[in-house]
Structures are given as C-alpha cells and as structure tokens.
Amino acid sequence: MTMNAFALYEGSYSVDGSKKFLPFNPETDDPKSRPGSLFIYVQPFLVKTNKHLMVLDTGLGQRAANGQLLIHENIRRAGYQPEDVNLVLMSHLHYDHSGGMTDGTQLAFPNAEYVIQRGEWENAYSKPSASYRTEIFDIVQRSGNIHFVEGSGQLTDDISYELTGGHCEFHQVFTIKNAGKTIFFGGDILPEPEQLLRRFIAKYDFDGRKAMQLREEYGHKAALEHWLCLFYHAKSTAMGYVEENEGRFKIVTV
Ligand SMILES: [Zn+2]
C-alpha cells in the first residue's frame, strides 16, 4: 500500500484589485506592464490512497487547448480519470481555489463529495466580495454532493480537517495519514515554501498576524512529524518536506 500525490499545475497569473486572473508568462510577459498586481502560481493536488482518489482545491477552472478542463487533463496525465475522484477537499472558496469545482454548468467531479467548511460557504453568500463567485456555488449546491464540516475533526479514519482562520475567517487545512505517511495540505496558510523562510504579515490575509503564527506552527509540526507538504501557490517546489535547524526552516524537495 502506498499513498501518492500529484501536483496539477494550472499556470501562473497576475491578479489586480478587480480580482481578475490574467495568464502571465514569466518568460515573455513584463510584470511592469501590470502595475498593482500580485503574481501567483496555481496548482491543485491529486492524492491517491487505498480508499480515496481526492482533489485538494480545484484551481481556476482553466481550459486546455482542446477545450477540456485543464484539471481533468492533468488528472488523466497522472494516470487517473476525473470520474474516479471521490473526494474534493476545499481549504476555502476564493476563486483561485474554487473555479474548477464545476465546468461552468455541472460538477467537475460528479462522483465526489465536496468537503466544505460551513462558515466559509455562508460567508461566500452573505459577504459580497469579488473573491467569491456564487454562480459556481449555485451549481455545487444543486448537485447535492456537498459534505459540510464545522470546526475541526476527523473526516475519515485517515483524513482530518482543522479550522484555522487566518487567510479568511473559515479557512481549513487537511492532514492525510495513510500507509505510514502523512500529507499536509495547508491551502493559503502554507501556500509557498518560501513563506516558511521569513516572518511577515501579509496584507491579503484576513488576520495577517494569526496567519503568520499558523505558518510557523505548521512548519514546526511538519519538520517534527516528517509531513509531505503540498504548496498550492508554489513557484517551483510544489511538494516538499520541512527541516528545522536552530529555529530556521529548510525545504527538502521530493
Ligand atoms: Zn489562493
């Protein structure tokens, strides 16, 4: 028995105050031509255990040249079928994580339970924000495939969820323990390995101080318990182990 993880790279983008995501090619595009923008990389993950084929956050819902959802193409390339995905774990519902929950008219993973923190779902509807696109959630709601969770707990024997807040009020992270390994998906609490290497308070977080504390806390645990960490917004190191030496973190690529 093994547990395997795959990064489903969706590309790099710039995002400005309007929360529109524009494809950005660092080789050919000039960042100066997009003043006031943040530059992000996006990669959902696929994890296979003996019981589940799961997607962790769903990307922007970009299409490949053949018109298929890019996340579907990437799953096939990894050797699996989108129809076989039986769990979709959502850290939160901002557009760069939820755009691929559907294909625009129906669920992208029709045979999956979508695991969503209830407070996040309610905020998405009740707090108007350009970060949430409720037309996506309407489709998910009609499907009947939602599994709401509240607070922290155990989803299955091997999957736990933890309400963190920090990035947004009801952000959650997931830990998967299977076949003697531990995989940690920190969503936007631990989105890039580089963020472990320096202390900072990010303006884009709902509670920047808490988000910073959580990053450190998870960094310590990841090093101590040898977690394989999945970094959703990583530039290059999508998956890695954390080592800690005299209070300094180091990322070890796999
Ligand atoms: Zn994000």
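Residues numbered from 1 in each chain as written. Predicted model: local features only at pLDDT ≥ 70, side-chain atom pairs only at ≥ 80, totals over all residues. Heavy atoms only, no water.

Engineer: Help me understand the overall build of the chain in this model?
Structural biologist: Each helix and strand counted, the chain has 5 helices and 16 strands in total. At 17 Å, the chain has a C-alpha radius of gyration in line with the 18 Å of a compact globule built from 254 residues. Principal-axis analysis of the C-alpha atoms places the extent of the chain at approximately 50 × 50 × 35 Å. Per-residue burial over the chain gives 54% buried out of 254 residues. For the chain, the proportion of contacts with a sequence separation of at least 24, taken over those separated by at least 6, is 62%. Carbon together with sulfur atoms contributes 48% to the accessible area of the chain, which is approximately 11,900 Å² in total. Here the chain contributes 25 positively and 32 negatively charged side chains, and the mean placements of these two sets differ by 3 Å. (Helix = DSSP H or I, 4+ residues; strand = E, 2+ residues; numbered from the N terminus. Rg over C-alpha atoms; globule rule 2.2 N^0.38 Å. Buried < 20%, exposed > 50% of the residue type's maximum accessible area, 1.4 Å probe, protein only. Contact = heavy atoms within 4.5 Å. Areas by Shrake-Rupley, 256 points an atom, 1.4 Å probe, with all protein chains shown as cover. Lys, Arg positive; Asp, Glu negative; His and termini not counted. Charge placed at Lys NZ, Arg CZ, Asp CG, Glu CD.)

Engineer: Sorry, what's going on with the coordination of the zinc ion here?
Structural biologist: When a metal carries six donors in an octahedron, the ideal angles between them are 90 or 180 degrees, while four donors in a tetrahedron ideally lie at 109.5 degrees. In the first shell of the zinc ion, the protein supplies D96 (OD), H97 (NE2), D188 (OD) and H233 (NE2), at 2.1 to 2.4 Å from the metal. Around the zinc ion, the 4 donor atoms are arranged such that angles at the metal cover 86 to 158°; this shape is classified as irregular. Site description for the zinc ion: donor spacing in sequence, D-H-x90-D-x44-H. Of this pair, D188 sits in the loop between β13 (181-185) and α5 (208-224) while H233 sits in the loop between β14 (228-230) and β15 (239-245), placing them 45 residues apart in sequence. An identical accessibility class is assigned to D188 and H233; each is buried. (Donors = N, O, S within 2.8 Å, 3.2 Å for Na, K, Ca; no water. Tetrahedral: all angles 85-135°; square planar, octahedral: opposite > 155°, others 65-115°.)

Engineer: Please clarify how the sheet that holds strand β2 (residues 11-15) should be interpreted in this entry.
Structural biologist: Adjacent strands of a sheet form backbone hydrogen bonds with each other and so pair up, either parallel or antiparallel. What the 3 strands build is an open sheet, ordered β3-β2-β4; its pairing is antiparallel. Each end of this open sheet is capped by a strand with a single partner; those strands are β3 (21-23) and β4 (38-42). Taken over all neighbouring pairs, the strand axes of this sheet differ in orientation by 40° on average, direction set aside. Alignment of β2 against β4, held across 5 bridges, turns out to be antiparallel. In the strand pairing of β4, V15 is matched with L38. (Pairing = 2+ DSSP bridges. Axes fitted to C-alpha atoms, helices over the stretch in contact; angles between N-to-C directions.)

Engineer: Any chance you could explain the sheet that holds strand β10 (residues 153-154) here in plain terms?
Structural biologist: Strand order in the open sheet made by the 7 strands is β10-β11-β12-β13-β14-β15-β16, with mixed pairing throughout. The sheet is open, and its two borders are formed by β10 and β16 (248-253), each paired with just one other strand. As defined by bridge partners, β15 adjoins β16 across 6 bridges and the pair is classed as antiparallel. The residue of β16 that forms the bridge with E243 is K250. Against the sheet, α5 touches β11 (159-163), β12 (172-178), β13, β14, β15 and β16, its axis set at about 90° to β15.

Engineer: Explain the side chain of S37 to me, please; I cannot follow it from the model alone.
Structural biologist: Residue placement: S37 occurs in the loop between β3 and β4. Relative accessible area serves as the criterion here: at 18%, S37 is assigned to the buried category. At 3.1 Å, the side chain of S37 forms a polar contact with the backbone oxygen of R34. Beyond its immediate stretch of four places on either side in the chain, S37 contacts S14, V15 and D16. (Polar contact = N/O pair within 3.5 Å; in protein donor to acceptor, adjacent residues only side chain to side chain.)

Engineer: It is not clear to me how unusual backbone geometry should be interpreted in this structure. Could you clarify?
Structural biologist: Both trends apply: most residues other than glycine have a negative phi, and most peptide bonds are in trans. The backbone phi angle of K19 is positive, close to 65°, even though this residue is not glycine. Along the chain, K19 turns up in the loop between β2 and β3. Of note, D57 is a non-glycine position whose phi angle comes to about 60°, a positive value. With respect to the helices and strands, the residue D57 is situated in the loop between β6 (53-56) and α1 (70-77).

Engineer: Hey, could you run me through helix α4 (residues 134-143) in this one?
Structural biologist: The periodicity of an α-helix, 3.6 residues per turn, causes residues three or four places apart in sequence to face the same way. Residues I136, F137, I139 and V140 constitute the buried set of α4. Angularly, the buried residues of α4 cover 155° about the axis, an arc narrow enough to put them on a single face. Its buried side turned inward, α4 meets α2 (95-98), α3 (118-126) and β9 (146-149). G144 occupies a position one or two residues after α4 and carries a positive phi of about 75°. (Arc of directions from axis to C-beta.)

Engineer: So what exactly am I meant to see when it comes to the packing of aromatic side chains here?
Structural biologist: Two numbers describe a pair of aromatic rings. These are the distance of the centres and the angle of the planes. Counted according to the given criterion, the structure contains 11 aromatic pairs. Between Y125 and F137, the aromatic rings sit 6.3 Å apart at their centres with planes inclined by 65°, giving edge-to-face as the arrangement. One end of the pair, Y125, is in helix α3; the other, F137, is in helix α4, with 12 residues separating them in the sequence. For R133, the ring lying beneath its charged end belongs to Y95, and the centroid distance is 3.7 Å. (Phe/Tyr/Trp six-rings, centres within 6.5 Å; stacked < 30°, edge-to-face > 60°. Lys NZ or Arg CZ within 6 Å of the ring centre and 35° of its normal.)

These results come straight from atomic positions and should not be treated as a statement about function.
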